[in-house]
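Spelled out, the chains give:
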Amino acid sequence: MRSRGLSFADAVRLLDGDAELVTRAGSAAGAAAGVVTVASAGTVDFFALRDQVVSWGHAAVRAWRNKVRGLSRFDRTDRLVAAHTVIVLVSFYEALDAWFEAHGMQLDAAGISAAEQAAIAAGEPVTGSYDSMVAQLAHAHAPCPTPLHPAESLEQDVETYCRQMAAFVVQFLSGMRLFEGKDLRPGLEEIGADSIRRYREAYRRLAAEIPEFRLWTQDFDARATRELIREASAERHAATDAVRDGLVRIYEARMDKPILSAADAPDLNLPTLRDGYQEPAGHVAIANPGSLVATERWWAEESRRLPAVQDFLIAVLTTPEATDRPIVVLGQPGSGKSVLTRVLAARLATAGFLPVRVELRNVRADAPVQQQIQEALELQLGESVTWPELIRRAGPALPVVMMDGFDELLQATGQNWAGYLEQLQDFQQREAELGRPLAIVVTSRTVVADRARIPEKTTVVRLDQFGDEQIAAWLRVWNGLNAPGLAARGLRTLPVEAAIAHRELAEQPLLLLLLAIYDSRGNQLQDTGGGLGRVELYERIFKDFFERQVDKFGGDLGPEQWDAEVAAEWRRLSAVAIAMHNRGRDVILEPELDEDARQLLSAEDRTTAASTRPLGVGQLLVGRFFFVHESQASRDTGGVERSFEFLHATFAEFLAARQIVSAMTELAEDRARLRRRQGATLDAGFFHALTSFAVITRRAPLWEFCQGLIARLDPGTRERSRALVLELLADAGYPHPTWSLAAYEPERRTAAQRQAAFAANLTCLAVLLTDGPVDAAELVGEPVAVNWRRFALLCLAQLEPEDARRLWQSLRVCWELGSPARLTVRTEDGTDVWVFPSLPWPPEDAPRGGPRPDDVAVPAESPTGHLIRKSAFAQTCIDARELAYTLIPFWRAIGDISFQPTVYLAEDKWRSDVRDLLELLLEDPGPESITDIEPGRQALYREYLDRAQATLSEMAG
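Just so it is clear, the structure is predicted and the values come from calculations on it, not from any experiment.

Criteria and thresholds
Residues numbered from 1 in each chain as written. Predicted model: local features only at pLDDT ≥ 70, side-chain atom pairs only at ≥ 80, totals over all residues. Heavy atoms only, no water. Helix = DSSP H or I, 4+ residues; strand = E, 2+ residues; numbered from the N terminus. Buried < 20%, exposed > 50% of the residue type's maximum accessible area, 1.4 Å probe, protein only. Contact = heavy atoms within 4.5 Å. Areas by Shrake-Rupley, 256 points an atom, 1.4 Å probe, with all protein chains shown as cover. Salt bridge = Lys/Arg side-chain N within 4 Å of Asp/Glu carboxyl O. Pairing = 2+ DSSP bridges. Phe/Tyr/Trp six-rings, centres within 6.5 Å; stacked < 30°, edge-to-face > 60°. Lys NZ or Arg CZ within 6 Å of the ring centre and 35° of its normal. Axes fitted to C-alpha atoms, helices over the stretch in contact; angles between N-to-C directions. Polar contact = N/O pair within 3.5 Å; in protein donor to acceptor, adjacent residues only side chain to side chain. Parallel < 35°, antiparallel > 145°, perpendicular 65-115°, else oblique. Left-handed = near helix turned anticlockwise from the far one by under 90°. Nonpolar A, V, L, I, M, F, W, Y, C, P; charged D, E, K, R; others polar. Disulfide = S-S within 2.5 Å. Expected span 1.5 Å × (residues − 1). Core = buried A, V, L, I, M, F, W, Y, C linked by side-chain atoms within 4.5 Å. Patch = residues over 30% accessible without salt bridge, like charges linked within 9 Å, V, L, I, M, F, W, Y side chains within 5 Å. pLDDT = per-residue confidence, 0-100.

Novice: I'd like a description of the overall build of the chain, backed by residues and values.
Specialist: Regarding its fold elements, the chain presents 43 helices and 17 strands. Scored against the burial criterion, the 957 residues of the chain give a buried share of 53%. In the chain, once contacts between residues fewer than 6 apart in sequence are set aside, the share between residues at least 24 apart is 73%. Just so you have it, the chain exposes about 41,900 Å², and 52% of that area is on carbon and sulfur atoms.

Rendered as structure tokens:
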């Protein structure tokens, strides 16, 4: 592995400095170690080399173009790092000379002493100061620019480096007679500052001519990238290679293809990848083993923003570190990771690189890295090409292998690929040792990135969602292509404001395209302005897409068949969402989905209008790429393993909520019909299968979709559905052997776990179906305090911890302090929590009377608010750790708590000695004279003074 910087001696060798300078610099460095003879170093004086180094350095940097012409990308990078090392050292020497000259001192007179010359001549170690100085000046690695750090950081590193060199020089000079009695230490600060000024000017001159120097200091603008491409194109060898040119042609040709098949939008003009691609912004950080790259907190603390990810990647690929370890690019589904690699491949092909794009879904997952690359080459070129052969034919171009879709290995196979990034790094190291260096870029979904071990100092980039400027730029291209066709149909182009009104979709490139296609059918998106709710928007988008699908594949269907096929499309995709929801996962494997489909879909629903027999899930989901992403990986056995996930998590949550609410209303209709038929029994098996594995409050969007869908029901349907869920809730704990789908078990659950989930969901649905708070007695019966507590503790004990937490956080349970008191349940509204109505009262002593004047309210989302709300939900003291910890001093000094919940004092308060003591300590003391204090408070003061006296006497005894 190459280190980040080069020493001056290394830089001289790389830039082919004159033979005398190379010999003398090397001799001085060797002499410092006492390993050379008189013949090789007897007359070497490092100070005498200063002028020669400065003169040579300026000439070498001026002639950089000749030094790098015709070199490979890898060697060009090394030469440029060497040039940077030279300007650092030259800047230091010039600043050093200028400072001594300004203070009336000449360094030329500071030759090494006779004793030091003798020591060198005798092959003995020289004095420590000279040894250290020469080692620092000749062999210390100078800082090197990199786009991973800001320019200010580089300048600070260079200034520190120059100060350290100056310190070694000053330490050596301080022992010489010429400088005896002179304090040279103040010069360190001035030499460092002057060095950085001279360095900054030299760097600017280099950056004006060398695009890499602009790219390395985060000035990775499009102009610098274009200049890099022009230079690389001008230096391409006349002799071409069929394999390399074949790859270039493939990547270039893909840039001119539409971003979507014309069959998916036959009445629209689709932009090509070249025209429609928008450069993504992002964030970059350096990750190490143990870095939590899948978490928002890690990115917030460790990363910095990138205005243009692609230009940054090109900049990083020109640095020495590019061949040391993989570069990882992360993003959400639909964020454009794969498209980024396609565009990057086309750009790199003309910038002195040899891009090789490997779609991991199409090569064997368990094959060695080299074999995966070779399989990808054969798929793209149609011929077998070995990796070593490709490198030999690549010429000076640096190979950049893009392993696209690492997450697909993880998701489609379900296997442990934690060491894959380490395998890639090992491959890079082996190839570097063989003289075949390469860079590797890996893409993956962010959420699974923590399932891989990340090598030390790995560059990790995360793609950001589209911002307003990118949305506007993309729509300019789209509208420019489609304005004439839309106008011919009496429609308008999509304005930016209409798209941004639905930002959660518009900020993802593929879903922005979905919005544009949806609006092109009748301007539905913009005609509703910003008032279109999320439930209505999702309903319309899915409906529009399903109708397009039926029109495309349905052939000549009659109206009833057409409607039935659209309804079946809803059920097919909803079954995918339910299968994921019941497992609590965003990704599902194909065998799991196939099994669920056989249970959740009828044979008719698994048969499309274009087929005559039931299809597999993979076949049913063909063409659903706007909503479902299919990951796949091949194994050595030859089989292809697939997994599925929705491009946006809210798609799955909407479909799951819609299926649950639809199943509820359909079952309510069945119940109403069956009640008119004597002896008929209700089969709630399908509804039970949807609602007995996970709670609908698990995720906020799912819960909000359920609220929105139920709010749209007409009053009659709401009343019938409410009667249904209350009837089912009363029997939720009993077996129902006659219900269908008894064998459906996507996740193994105990009877108690399924009872808890089913009862929790029925309770939530009953709350949503009720206007205002629900009397808990309607839900659990009397005695309400006992029965509700049983239900709540069942949920807290049997649900998955996250499900249980989201359940009590989504409902507000409290007592209405009337006569009689009433325990109520409503949806959480975020209002402050009053303590007294939230207390878990014993069943034999429910609260009486109205609101209490001594009550207090706390914010719902505060730690205390959470504590009280959870205790109110459970109707028992729960998670009392904080309160117990707080009371330790009281217990230690006074003893057990005295609490009298059924005895009123004259002040109409419940009696608690802890509360009495806190009121005495915290309330306004009032009058200064003891005789003016209200008698009740006087009694409390006397009581606690007596207790304190007794405690002190006991301690004294």
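There is more to say after this.
Novice: So what's going on with the pattern of salt bridges? Which residues, and what values?
Specialist: Summed over all chains, the structure comprises 59 salt bridges. Note that Arg-357 is salt-bridged to Glu-359, the shortest N-O span being 2.7 Å. With a relative accessible area of 23%, Glu-359 lands in the partly exposed category. The salt bridge involving Arg-699 is made with Glu-653; its shortest N-O contact spans 3.2 Å.

Novice: Give me the sheet that holds strand 12 (residues 811–816): which residues, what numbers.
Specialist: Across a sheet, strands are paired by hydrogen bonds formed along the backbone, either parallel or antiparallel in direction. The antiparallel open sheet is built from three strands, whose spatial order is 11-13-12. Each edge of the open sheet carries a strand with a single partner, namely strand 11 (774–775) and strand 12. Examined bridge by bridge, strand 11 and strand 13 (residues 822–827) share two bridges and lie antiparallel to one another. Bridge pairing in strand 13 places Val-774 opposite Val-825.

Novice: Can you explain the packing of aromatic side chains? Please cite residues and give values.
Specialist: Each pair of aromatic rings is reported with the distance of its centres and the angle of its planes. With the rule as written, the count across this model stands at 21 aromatic pairs. Taken together, the ring pairs connect Tyr-538, Phe-542, Phe-545, Phe-546, Trp-570, Phe-651, Phe-654 and Phe-705 into an aromatic cluster. Directly above the ring of Trp-570 sits Arg-658, whose terminal nitrogen or CZ lies 3.6 Å from the centroid.

Novice: Describe in detail the sheet that holds strand 8 (residues 587–589), supporting the description with residues and values.
Specialist: Pairing is antiparallel in the open sheet, where three strands are placed in the order 8-10-9. Edge positions in the sheet fall to strand 8 and strand 9 (628–634), since each of these pairs with one other strand and no more. Between one strand axis and the next, the sheet turns by 25° as a mean value, whatever way the strands run. Here strand 9 runs beside strand 10 (residues 640–646); their pairing, made up of seven bridges, is antiparallel. Bridging from a neighbouring strand, Ser-631 pairs with Ser-643 of strand 10. Lying over the sheet, helix 28 (residues 559–583) contacts strand 8, strand 9 and strand 10, oriented at roughly 90° with respect to strand 10.

Novice: I'd love a proper account of the environment of Gln-428, names of residues and values included.
Specialist: Along the chain, Gln-428 turns up in helix 21 (residues 420–433). Every residue in contact with Gln-428, bar those within four places of it in the chain, is listed here: Ala-322, Thr-323, Asp-324, Arg-325, Pro-326, Leu-438, Ala-439 and Ile-440. A distance of 3.5 Å separates a polar atom in the side chain of Gln-428 from the backbone nitrogen of Arg-325.

Novice: Describe the side chain of Arg-671, listing the residues and the values that go with them.
Specialist: Position of Arg-671 among the secondary structure elements: in helix 31 (residues 649–674). Apart from residues no more than four positions distant in its own chain, Arg-671 is found in contact with Leu-682, Ala-723, Leu-724 and Glu-727.

Novice: Give a detailed account of the pairing of strand 10, specifying residues and quantitative values.
Specialist: In the sheet, strand 8 pairs with strand 10 via three bridges, with the strands oriented antiparallel. Along strand 10, the bridge assignment pairs Val-587 with Glu-645.

Novice: Mind laying out the packing of helix 6 (residues 73–102) against helix 10 (residues 187–209), listing which residues take part and the relevant values?
Specialist: At a closest axis distance of 8 Å, the pairing of helix 6 and helix 10 adopts a crossing angle of 135°. The angle between helix 6 and helix 10 falls in the class oblique. The handedness of the crossing between helix 6 and helix 10 is right-handed. For the pair helix 6 and helix 10, the contacting residues are His-84, Ile-87, Val-88, Ser-91, Phe-92, Glu-94, Ala-95, Leu-96, Ala-98 and Trp-99 in the first and Gly-187, Glu-190, Ile-191, Asp-194, Ser-195, Arg-198, Tyr-199, Ala-202, Tyr-203 and Leu-206 in the second.

Novice: Now, about the packing of helix 13 (residues 242–255) against helix 18 (residues 369–381): what can you tell me, with residues and values included?
Specialist: Where helix 13 meets helix 18, the closest approach of the two axes is 10 Å, and the angle between their N-to-C directions is 70°. Classified by the angle their axes make, helix 13 and helix 18 are roughly perpendicular. Remark: the crossing between helix 13 and helix 18 carries left-handed chirality. Contact residues: helix 13 offers Val-243, Gly-246, Leu-247, Ile-250, Tyr-251 and Arg-254, while helix 18 offers Leu-377, Gln-380 and Leu-381. In terms of residue class, the contact of helix 13 with helix 18 is built from six nonpolar, two polar and one charged.

Novice: Kindly report on the state of the cysteines, identifying the contributing residues and their values.
Specialist: Scanning all chains against the criterion turns up zero disulfides. The thiol of Cys-795 is not disulfide-bonded; the next cysteine sulfur, from Cys-764, is found 8.4 Å away. Since its relative accessible area comes to 0%, Cys-795 is described here as buried.

Novice: Report on helix 17 (residues 337–348), specifying residues and quantitative values.
Specialist: For helix 17, spanning twelve residues, the distance from its first C-alpha to its last is 16 Å, which sits close to the expected 16 Å at 1.5 Å a residue. Of the positions making up helix 17, those classed as buried are Lys-337, Leu-340, Thr-341, Val-343, Leu-344, Ala-345, Ala-346 and Leu-348.

Novice: Could you give an account of the nonpolar core, with specific residues and numbers?
Specialist: Core analysis: the biggest nonpolar cluster contains 123 residues, and Phe-542, Phe-627, Phe-646, Met-664, Phe-687 and Trp-788 have the highest contact counts within it. At 13 residues, the largest contribution of residues to this core is made by helix 31. The residues touching Phe-687, leaving out its near neighbours within four places in the chain, are Ile-660, Ala-663, Met-664, Leu-667, Leu-728, Phe-758, Leu-762 and Leu-765. Of all hydrophobic cores here, the second largest spans 76 residues; its members include Trp-298, Phe-353, Leu-360 and Val-461.

Novice: Just give me the short version of the environment of Pro-859, but keep the residues and values in it.
Specialist: Of note, Pro-859 is situated in the loop between strand 15 (857–858) and helix 40 (863–874). For Pro-859 and Gly-830, which are 29 residues apart along the polypeptide, the C-alpha to C-alpha distance reads 8.0 Å.

Novice: Provide a residue-level description of unusual backbone geometry, including the pertinent values.
Specialist: In this structure, Pro-783 follows Glu-782 across a cis peptide bond, with omega equal to -5°. With respect to the helices and strands, Pro-783 occurs in the loop between helix 36 (776–780) and helix 37 (784–798). Look at Asn-523: it is not a glycine, yet its phi comes out positive at around 55°. By the element assignment, Asn-523 lies in the loop between helix 25 (509–519) and helix 26 (524–527).

Novice: I'd like to hear about a nonpolar patch on the surface, residue by residue, with values.
Specialist: Where nonpolar side chains cluster on the molecular surface, the patch consists of Tyr-885, Ile-888 and Trp-891 and spans about 340 Å² of accessible area. As for its position among the elements, Ile-888 is in helix 41 (residues 881–893). Residue classification places Ile-888 among the partly exposed positions, given a relative accessible area of 35%.

Novice: I'd love a proper account of the confidence of the model for the chain, names of residues and values included.
Specialist: Looking at the chain as a whole, its pLDDT mean stands at 80, while 76% of the residues score no less than 70. Counting interchain partners and residues more than four positions distant, the pLDDT-below-50 stretch residues 24–46 has 43 contacts. Within the model, the stretch residues 116–126 combines pLDDT values under 50 with 24 contacts to residues more than four positions away or in other chains.

Novice: If you had to explain the environment of Ala-315 to someone new, which residues and values would you point to?
Specialist: In this structure, Ala-315 sits in helix 16 (residues 309–317). For the pair Ala-315 and Phe-213, spaced 102 residues apart in the sequence, the C-alpha separation amounts to 9.2 Å.

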